[in-house]
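Results of the structural survey
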Amino acid sequence: MARTIRVSTRNATFQQWHALLTNRTKRQRAGEFVVQGVRPITLAVEHGWQVRALLYPAGQSLSRWSRDLLDRISGASPVAVSPELLGELGGKDEEPPELLAVVGLPEDRLQRIPHSANMLVMAFDRPTTPGNIGSLIRSADAFGAAGVVITGHAADPYDPKSVRATTGSLFTVPVVRVPSHRAVLDWADSLRATRIPIEIVGTDEHGEVEITAHDLTGPTIIVVGNETRGLSTAWRQSCDRTVRIPITGAASSLNAAAAATVVLYEAARQRTASTPQPAPPTTPAEVAPRTDTARTPMP
């Protein structure tokens, strides 16, 4: 294990970590963000993310999980932080977190998203709420999406609220930020050039067809619009088809992350239904009784 660093005052190092929680620009300049929670940290390690530092409460006994991570992540600096200061970084008043990780930001390259003949990708157009981004990423993971793209001027998927809302799925599904829809369209064209006929499907309350009537089993990019304004004009003009979710009751629309979850579920349902299922094994009870007893020939 590397030499332990000790932080007991609000020095420059502590202030830098604190800024990672509150300042998007400083996260981007430093190329790192803070991860809280056992499951998210565990998944970050398991999926090969660069852990730069592990912060733990000084003078307190550590769990086996914490000790194991401190021992086996050779590239991470162990940092003993006074419990009071660690509590500030963890956002909990009652007690300091068991462990915090400072993790490197990945590159924003669409090529990080694996492509295949039936790839499913979610694009979120100019989301304003970190929690919605986190919820969408979690749903994308749950229903088998290959990746999530955040387009335009948007909230940050590496904001602590977003990271917490993903419950660790941020580390299992590639998330890529791009400046506009144009980058996604160019990427889609490059996929088509490799004979992946990817379709771009927008979601809108006035969509052309209901979601269940559109085939989502092929390679698809599903686009969800901004929480307030929906899809931008540029995205509407770029989609091959727009679909709508049938809604009853007094609600006029769904939350953006909720709408994305419905569409992802429908895509997963269609894909499961279109996949041939293996025949169930034959059980002894289903086997017809044998009738091979000898018979006396008729005279």
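See the structure printed just above.
Residues numbered from 1 in each chain as written. Predicted model: local features only at pLDDT ≥ 70, side-chain atom pairs only at ≥ 80, totals over all residues. Heavy atoms only, no water.

We now examine the overall build of the protein chain. For the protein chain, the count of helices and strands is 10 helices and 12 strands. Counting all 299 residues of the protein chain, 46% fall into the buried class. Looking at the protein chain as shown, the accessible area adds up to about 15900 Å², and 50% of this sits on carbon and sulfur atoms. (Helix = DSSP H or I, 4+ residues; strand = E, 2+ residues; numbered from the N terminus. Buried < 20%, exposed > 50% of the residue type's maximum accessible area, 1.4 Å probe, protein only. Areas by Shrake-Rupley, 256 points an atom, 1.4 Å probe, with all protein chains shown as cover.)

So, about the side chain of R27. Within the secondary structure, R27 is located in helix α2 (residues 24-30). Classification of R27 by relative accessible area gives buried; the value is 2%. A distance of 2.9 Å separates the side chain of R27 from the side chain of D156, its partner in a polar contact. Apart from residues no more than four positions distant in its own chain, R27 is found in contact with L20, L21, T22, E32, F33, L105, D156, Y158, D159 and P160. (Polar contact = N/O pair within 3.5 Å; in protein donor to acceptor, adjacent residues only side chain to side chain. Contact = heavy atoms within 4.5 Å.)

On to the layout of surface pockets, then. Computed from the structure, the largest pocket encloses a volume of approximately 390 Å³. As for the largest pocket, its lining consists of 21 residues, of which T203, D204, E205, S253 and L254 are closest to the centre. Looking at the lining of the largest pocket residue by residue, the classes come out as eight nonpolar, seven polar and six charged. (1 Å grid on protein atoms, 1.4 Å probe; cavity = no way out; pocket = protein on both sides within 12 Å on 5 of 7 lines; lining within 4 Å. Points joined across faces, edges and corners; volume = space filled by probe spheres on them. Nonpolar A, V, L, I, M, F, W, Y, C, P; charged D, E, K, R; others polar.)

Let us look at the pattern of salt bridges. Summed over all chains, the structure comprises 14 salt bridges. Residue R72 pairs with D68 through a salt bridge whose shortest N-O separation is 2.7 Å. On the criterion of helical spacing, the pair formed by R72 and D68 is a turn pair, its members being four residues apart in helix α4 (residues 64-72). If you follow the salt bridges from partner to partner, you end up with R27, D108, D156 and R177 in one network. (Salt bridge = Lys/Arg side-chain N within 4 Å of Asp/Glu carboxyl O.)

So, about unusual backbone geometry. Look at R126: it is not a glycine, yet its phi comes out positive at around 50°. Note that R126 resides in the loop between β6 (120-125) and α6 (130-142). Looking at R126, the relative accessible area reads 21%, which means it is partly exposed. With a phi angle near 50°, T167 is a residue other than glycine that sits in the positive phi range. Mapped onto the secondary structure, T167 falls in the loop between α7 (160-166) and β8 (175-178).

Enumeration according to the criterion identifies five aromatic pairs in this entry. Aromatic side chains F33 and Y158 sit 5.0 Å apart centroid to centroid with 55° between the ring planes, which places their arrangement in the tilted category. Highlighted residues: F33 in strand β2 (residues 32-36) and Y158 in the loop between β7 (147-151) and α7, separated in sequence by 125 residues. The buried category is assigned to F33, whose relative accessible area is 0%. (Phe/Tyr/Trp six-rings, centres within 6.5 Å; stacked < 30°, edge-to-face > 60°.)

Right, let's get into the sheet that holds β2. Strand order in the open sheet formed by five strands is β1-β4-β3-β5-β2, with mixed pairing between adjacent strands. Strands at the two margins of the open sheet, each flanked by one partner only, are β1 (5-7) and β2. This sheet shows a mean twist of 25° between the axes of neighbouring strands, independent of strand direction. The sheet contacts of helix α3 (residues 38-46) involve β2, β3 (51-57) and β5 (100-104), and relative to β2 the element is tilted by about 130°. (Pairing = 2+ DSSP bridges. Axes fitted to C-alpha atoms, helices over the stretch in contact; angles between N-to-C directions.)

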